[in-house]
Amino acid sequence: MKIKEMEAAIEAILFAMGDSVEIEKIAAALEQDVPTTKKIVDNMMLHYQEEDRGIQIMEFDNAYQLCTKKEMYEYLIRVAKQPRKITLTDVALETLSIIAYKQPVTKAEIEKIRGVKCDHAVNKLVEYNLVRELGRLDAPGRPILFGTTEEFLRYFGVHSLDELPVISTVKMEDFKAEAEEEIQLKLDI
């Protein structure tokens, strides 16, 4: 493997891992010995400094990490202060719609409707401040009840939950029929 290839591999490893990576692990990935790998990483550290780049490789107790230079923090803060555009996956939208129409609702009730686990989707919706904990159900295990937030209303441009579209009974019957067919297909497999 050529030096440039090894440098590219080291850079990819450090970038992808995010945290510090021990020199032994880097060497093993490159199929090189530790002293050779250390020389390559040390050389890369010098190049990053000489080229006046926004990133640097730092050494922490025989491990290396790709980090932002402190001179770049003001730019990072500017970006971090900008509002994030929330992108909801189909799974998150489906989970959110169940919560919006059935609230207050527990994860178990959501999972019963969806037929799959919903931990990740609910956690993301809480992180996005579209869903919040409303309390606990007075039942064994005292499961958490979830409901929508004011941010949910703002995000979807409604003033209250009463403004959410009403599902017609005909559509509801169609959905039930589709779900029953899907269940039957899964049972036949």
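Residues numbered from 1 in each chain as written. Predicted model: local features only at pLDDT ≥ 70, side-chain atom pairs only at ≥ 80, totals over all residues. Heavy atoms only, no water.

The two faces of the sheet receive side chains in turn, since in a regular strand these alternate between them. The buried fraction of strand S3 (residues 63–68) is high, at five of six residues. Across two bridges, the pairing between strand S1 (residues 21–22) and S3 is antiparallel. Looking at the pairing, valine 21 lines up with tyrosine 64 of S3. Pairing analysis gives five bridges linking strand S2 (residues 55–59) to S3, with the strands arranged antiparallel. Note that in S3 the partner of isoleucine 57 across the bridge is leucine 66. What sits between S2 and S3 in their antiparallel hairpin is a turn of three residues, with aspartate 61 showing a positive phi close to 50 degrees. (Buried < 20%, exposed > 50% of the residue type's maximum accessible area, 1.4 Å probe, protein only. Helix = DSSP H or I, 4+ residues; strand = E, 2+ residues; numbered from the N terminus. Pairing = 2+ DSSP bridges.)

All chains considered together, the criterion is met by two aromatic pairs. A ring pair is formed by phenylalanine 152 and phenylalanine 156, whose centres lie 5.0 Å apart and whose planes are at 50 degrees; its orientation type is tilted. Within this pair, phenylalanine 152 and its partner phenylalanine 156 are both found in helix H8 (residues 150–156), separated by four residues, close to a single helical turn. Owing to a relative accessible area of 3%, phenylalanine 152 belongs among the buried residues under this scheme. An angle of 75 degrees between the planes, with centres 4.9 Å apart, marks the rings of tyrosine 155 and phenylalanine 156 as edge-to-face. Residue classification places tyrosine 155 among the partly exposed positions, given a relative accessible area of 30%. Taking the relative accessible area as the measure of exposure, phenylalanine 156 reaches 37% and is therefore partly exposed. Every member of this aromatic cluster is reached through a ring pair, and the members are Phe152, Tyr155 and Phe156. (Phe/Tyr/Trp six-rings, centres within 6.5 Å; stacked < 30°, edge-to-face > 60°.)

Another aspect to go through is the sheet that holds S1. Strand order in this open sheet of three strands is S1-S3-S2, and the pairing throughout is antiparallel. In this open sheet, the two edge strands, each paired with only one partner strand, are S1 and S2. Contacting S2 and S3, helix H3 (residues 34–50) crosses the sheet at an angle of about 140 degrees to S2. (Contact = heavy atoms within 4.5 Å. Axes fitted to C-alpha atoms, helices over the stretch in contact; angles between N-to-C directions.)

Scope: geometric values only; no functional claims are made or implied.
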